[in-house]
Amino acid sequence: MRTDIIKKVEDYMKTELMKLAGYQDHTPRMAEYRIEHSFRVAHIAVEIARAEGFDEEKAYVAGLLHDIGYAVDFRTKEEYREHGRVGAGIARRFLKELGCYRDEEIEEMCYAIAIHVDEKADFPGEKTPFTLSIGEADNIDRFDAYRLYEGLHFADYMNLPLDEQRAFVEKRLAGLGRLLEEPFATNTSASMWKEKIHYQIAFYERLKNQIEKSF
Ligand SMILES: [Fe+2]
Ligand SMILES: [Fe+2]
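As the structure is a prediction and not an experimental result, all values here were calculated from the model.

Rules and cut-offs
- Residues numbered from 1 in each chain as written.
- Chains lettered and ligands numbered in written order.
- Predicted model: local features only at pLDDT ≥ 70, side-chain atom pairs only at ≥ 80, totals over all residues.
- Heavy atoms only, no water.
- Phe/Tyr/Trp six-rings, centres within 6.5 Å; stacked < 30°, edge-to-face > 60°.
- Buried < 20%, exposed > 50% of the residue type's maximum accessible area, 1.4 Å probe, protein only.
- Lys NZ or Arg CZ within 6 Å of the ring centre and 35° of its normal.
- Helix = DSSP H or I, 4+ residues; strand = E, 2+ residues; numbered from the N terminus.
- Expected span 1.5 Å × (residues − 1).
- Axes fitted to C-alpha atoms, helices over the stretch in contact; angles between N-to-C directions.
- Parallel < 35°, antiparallel > 145°, perpendicular 65-115°, else oblique.
- Left-handed = near helix turned anticlockwise from the far one by under 90°.
- Contact = heavy atoms within 4.5 Å.
- Nonpolar A, V, L, I, M, F, W, Y, C, P; charged D, E, K, R; others polar.
- Donors = N, O, S within 2.8 Å, 3.2 Å for Na, K, Ca; no water.

## Observations regarding the packing of aromatic side chains
So, point 1. Overall, the coordinates contain twelve aromatic pairs when judged by the stated rule.
So, point 2. Plain terms: the ring middles of F184 and W193 are 5.2 Å apart, the flat faces sit at 35 degrees to each other, and that makes the pair tilted.
So, point 3. Using a relative accessible area of 18% as the deciding quantity, one classes F184 as buried.
So, point 4. Taken together, Y157, F168, F203 and Y204 form an aromatic cluster joined through their ring pairs.
So, point 5. Above the face of the Y70 ring, R34 is positioned so that its terminal group lies 4.0 Å from the ring centre.
So, point 6. It is R92 that lies over the ring of F123; its NZ or CZ is 4.5 Å from the centre.

## What about helix 2 (residues 28-52)?
So, point 1. With 25 residues, helix 2 should reach 36 Å at 1.5 Å per residue; the first-to-last C-alpha distance of 36 Å fits that figure.
So, point 2. Taken from the residues just after helix 2, G53 is the one with a positive phi, measuring 80 degrees.

## Some words on the packing of helix 3 (residues 56-65) against helix 6 (residues 103-114)
So, point 1. Running from amino to carboxyl end, helix 3 crosses helix 6 at an angle of 45 degrees, the nearest separation of the two axes being 9 Å. Considering their axes alone, helix 3 and helix 6 lie oblique with respect to each other. Judged by the twist between their axes, the crossing of helix 3 over helix 6 is right-handed. Between helix 3 and helix 6, the residues in contact are K58, V61, A62 and L65 and E105, E108, M109 and I113, respectively.
So, point 2. For the contact of helix 3 with helix 6, the class distribution of residues is five nonpolar, no polar and three charged.

## Thoughts on the coordination of the iron ion (ligand 1)
So, point 1. Only D67 (OD), H83 (NE2) and H116 (NE2) from the protein coordinate the iron ion (ligand 1), and they sit 2.1 to 2.2 Å from it.
So, point 2. When the donor residues of the iron ion (ligand 1) are listed from N- to C-terminus, their spacing reads D-x15-H-x32-H.
So, point 3. The iron ion (ligand 2) is placed at 3.3 Å from the iron ion (ligand 1), the two being bridged by D67. Placement of the pair is D67 in the loop between helix 3 and helix 4 (77-81) and H116 in the loop between helix 6 and helix 7 (129-142), with a sequence separation of 49 residues. Comparing D67 with H116 shows no difference in burial state: the two are buried.

## Considering the coordination of the iron ion (ligand 2)
So, point 1. Only H37 (NE2), H66 (NE2), D67 (OD) and D138 (OD) from the protein coordinate the iron ion (ligand 2), and they sit 2.2 to 2.3 Å from it.
So, point 2. The sequence pattern formed by the donor residues of the iron ion (ligand 2) is H-x28-H-D-x70-D.

Have a look at this one:
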């Protein structure tokens, strides 16, 4: 990977996503989270690219920019739903200005960004293992260790009575079981995904086991 180009993309992503800190219903920490998540998705995308023989630099760049649409001050759920397609437009302008990629390379990265939310783009492109891998890297990050903490935190797990803790854990386990069936575009992303889901299942199984022994 070309370090000078990577540095420019990282700086651009950080500057754009820090804008979130000033938006309604956002905090500086939420902006930082979005930046940290973008780095993680980029690293996962590279891991998939390396194993599958895709271009690692393009995977890293598309991963870094996959949520760049969040730089827009969205207000409604419907607007957020558009962040992939809106982000592709923002990324296209930036990558053209950067002047390091051919038009077809830019289009491929932007298509990956556009489809990462719901697999729909508003411009022509091809769903390939590479373009699909960015949304898959995003999902893989969203189901890693942090999600365990986040899930318990949002449910206010510590303050729930034991029967509600048990119901929460059982609901999580049922949901995770269904997620194991998700289709993936490459063997690498499928096995990374399965590893995360199995890890979460193992955690909740142990929690369930503790609950069963708590009365
Ligand atoms: Fe996203
Ligand atoms: Fe994301």
